[in-house]
Amino acid sequence: MSDPLSLEYLKGMLHTYGQLNMPDSNLWCIFDIRELEKSENEIERFRELIFPSKKANIELAPIEDYNNFKTKILSHWLFSGDCWASRNLDSAWKEDKTNSFYHALATVTQLKTIEQFIIDGYSTDGFGVHSTAFLITGFEKKYILYFIYDG
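Digging into the sheet that holds strand β4 (residues 130-138)
Pairing between the strands of a sheet comes from backbone hydrogen bonds, and it takes one of two forms, parallel or antiparallel. Spatially, the five strands line up as an open sheet ordered β1-β5-β4-β3-β2, and their pairing is antiparallel. Of all strands in the sheet, those bounded by a partner on one side alone are β1 (28-35) and β2 (58-62). Here the average twist between neighbouring strands, direction ignored, is 25°. Bridge count for β2 against strand β3 (residues 111-119) is five bridges, and the pairing is antiparallel.

See below:
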């Protein structure tokens, strides 16, 4: 039996978490992952995807601590919305869901390295009201993973 995890499954997970994190306001969330073509320049593709009309200095900074990426960054984005605020979520449950997402991310992308997009010197909020993005490099392909709150 083949592994049920796929890029479409991962996109579905991100879309679901984005909807669950949607604030009760005029803001909206986009959580997504995009596969890059082998020949694409990741910084230029990121610029095209996120804010093509703005000029900004964009760099990549390596993420050294994958456990911190999982427990702090992913957990923050997956569980920071209004939907979760009214629930008393067990930390073990959140950790399990974060681990499941990270496992899917690592499996689908064949995770080798993670780098964060740095925009004009900022690792977050360079686009949108609150946002962050990462370049995921696998053994065969590259992906842009991003989380955006905007209005």
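Points about unusual backbone geometry
With phi around 55°, Gln110 is a residue other than glycine that occupies positive phi space. The residue Gln110 is located in the loop between α5 (91-109) and β3 in this model. On the basis of relative accessible area, Gln110 is assigned to the partly exposed category, the value being 34%.

So, the packing of helix α3 (residues 66-78) against α5
Between two packed helices, the angle of one axis relative to the other and the distance separating the axes together describe the packing. Direction vectors running N to C along α3 and α5 enclose 115°, while the axes themselves pass 10 Å from each other. In terms of axis orientation, α3 runs roughly perpendicular to α5. Crossing of α3 against α5: the hand is right-handed. Residues Tyr66, Phe69, Lys70, Leu74, Ser75 and Leu78 of α3 pack against Thr98, Asn99, Phe101, Tyr102 and Leu105 of α5. Taken together, the residues of the contact of α3 with α5 sort by class into seven nonpolar, three polar and one charged.

Regarding the confidence of the model for the chain
Averaged over the chain, the pLDDT score is 83; the fraction of residues at 70 or greater is 82%. Summarising per-element confidence for the chain, the mean pLDDT is lowest in helix α4 (residues 82-85) (58) and highest in α5 (93).

Focus on helix α1 (residues 7-20)
Taking 1.5 Å of rise per residue, 14 residues should cover 20 Å, and α1 covers 20 Å from first to last C-alpha, within 8% of that figure. Listed as buried for α1 are Leu7, Leu10, Met13, Leu14, Tyr17 and Gly18. Considered in projection along α1, the buried side chains sweep an arc of 135° and stay on one side of the axis.

Thoughts on the nonpolar core
With 28 residues, the main nonpolar core has Phe69 and Leu145 as its most contacted residues. For this core, the elements supplying multiple residues, two or more each, are α1, β1, α3, α5, β3, β4 and β5 (142-150). The contacts of Leu145, once residues within four sequence positions are left out, are Leu14, Asp32, Ile33, Phe69, Leu105, Thr132, Ala133, Phe134 and Ile136. One finds Phe117, Ile119, Ile144 and Tyr146 within the second-largest nonpolar core, a separate group that totals 13 residues.

Rules behind the numbers
Residues numbered from 1 in each chain as written. Predicted model: local features only at pLDDT ≥ 70, side-chain atom pairs only at ≥ 80, totals over all residues. Heavy atoms only, no water. Pairing = 2+ DSSP bridges. Helix = DSSP H or I, 4+ residues; strand = E, 2+ residues; numbered from the N terminus. Axes fitted to C-alpha atoms, helices over the stretch in contact; angles between N-to-C directions. Buried < 20%, exposed > 50% of the residue type's maximum accessible area, 1.4 Å probe, protein only. Parallel < 35°, antiparallel > 145°, perpendicular 65-115°, else oblique. Left-handed = near helix turned anticlockwise from the far one by under 90°. Contact = heavy atoms within 4.5 Å. Nonpolar A, V, L, I, M, F, W, Y, C, P; charged D, E, K, R; others polar. pLDDT = per-residue confidence, 0-100. Expected span 1.5 Å × (residues − 1). Arc of directions from axis to C-beta. Core = buried A, V, L, I, M, F, W, Y, C linked by side-chain atoms within 4.5 Å.

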